[in-house]
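Listed here are the chains, written in short residue letters.
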Amino acid sequence: MPVTIPDDVLAAAHLSERELRLELAVALFREERLTLAQASRFAEVDQFAFQSVLADREIPVHYGVEEFREDLRTVDALRRR
């Protein structure tokens, strides 16, 4: 589902589209609505870069069973390529 953010809103917030995606991803991760993998994909950055952003903001990385399972699915998918 595409969401359109008017340019004037981005300008008023002093954010680029990429920065807004990152801010939303961080907020959704912090609230445990997205996993690390989901949030980094949404922000369009790799997981290491996303973890660096979290560390800079002193947001702990929660890593549970579902995140582990998702990482295993990702590894399996990459092996099949």
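Computed from a predicted structure; not experimentally measured.

(A) Region of the structure containing empty space enclosed by the protein. Tallied over the entire structure, the rule returns one cavity of 30 Å³ or more. Looking at the largest cavity, its volume works out to about 30 Å³. Lining the largest cavity are T35, L36, A37, Q47, Y63, E67, E70 and D71. Residue contributions to the lining of the largest cavity peak at three residues, all from helix α5 (residues 65-80). When the residues that make up the lining of the largest cavity are grouped by side-chain class, the tally is three nonpolar, two polar and three charged.

(B) Expanded view of the packing of aromatic side chains. A complete count under the given rule lists one aromatic pair for this structure. For the cation-ring pair, R21 lies above F42, with the distance from its terminal atom to the ring centre recorded as 4.5 Å.

(C) View of the confidence of the model for the protein chain. Put simply, the protein chain has an average pLDDT of 92, and 100% of its residues get 70 or more. The element-level mean pLDDT for the protein chain is lowest in α5, coming to 88, with helix α2 (residues 17-30) highest at 96.

(D) Structural view of the nonpolar core. By size, the foremost hydrophobic cluster in this structure holds eleven residues: L22, A25, V26, F29, L36, A39, A43, F50, V53, L54 and I59. Elements represented by at least two residues in this core include exactly α2, α3 (36-43) and α4 (47-56). Setting aside residues no more than four positions away along its own chain, A39 makes contact with A25, F29, L34 and F50.

(E) Looking closely at the environment of Y63. Examined against the element boundaries, Y63 turns out to sit in the loop between α4 and α5. Along the backbone, Y63 and R81 are 18 residues apart, and their C-alpha atoms lie at a distance of 26 Å. Among all residues touching Y63, those that are not within four sequence positions of it are F68 and D71.

Reading the values: rules and limits
Residues numbered from 1 in each chain as written. Predicted model: local features only at pLDDT ≥ 70, side-chain atom pairs only at ≥ 80, totals over all residues. Heavy atoms only, no water. 1 Å grid on protein atoms, 1.4 Å probe; cavity = no way out; pocket = protein on both sides within 12 Å on 5 of 7 lines; lining within 4 Å. Points joined across faces, edges and corners; volume = space filled by probe spheres on them. Helix = DSSP H or I, 4+ residues; strand = E, 2+ residues; numbered from the N terminus. Nonpolar A, V, L, I, M, F, W, Y, C, P; charged D, E, K, R; others polar. Phe/Tyr/Trp six-rings, centres within 6.5 Å; stacked < 30°, edge-to-face > 60°. Lys NZ or Arg CZ within 6 Å of the ring centre and 35° of its normal. pLDDT = per-residue confidence, 0-100. Core = buried A, V, L, I, M, F, W, Y, C linked by side-chain atoms within 4.5 Å. Buried < 20%, exposed > 50% of the residue type's maximum accessible area, 1.4 Å probe, protein only. Contact = heavy atoms within 4.5 Å.

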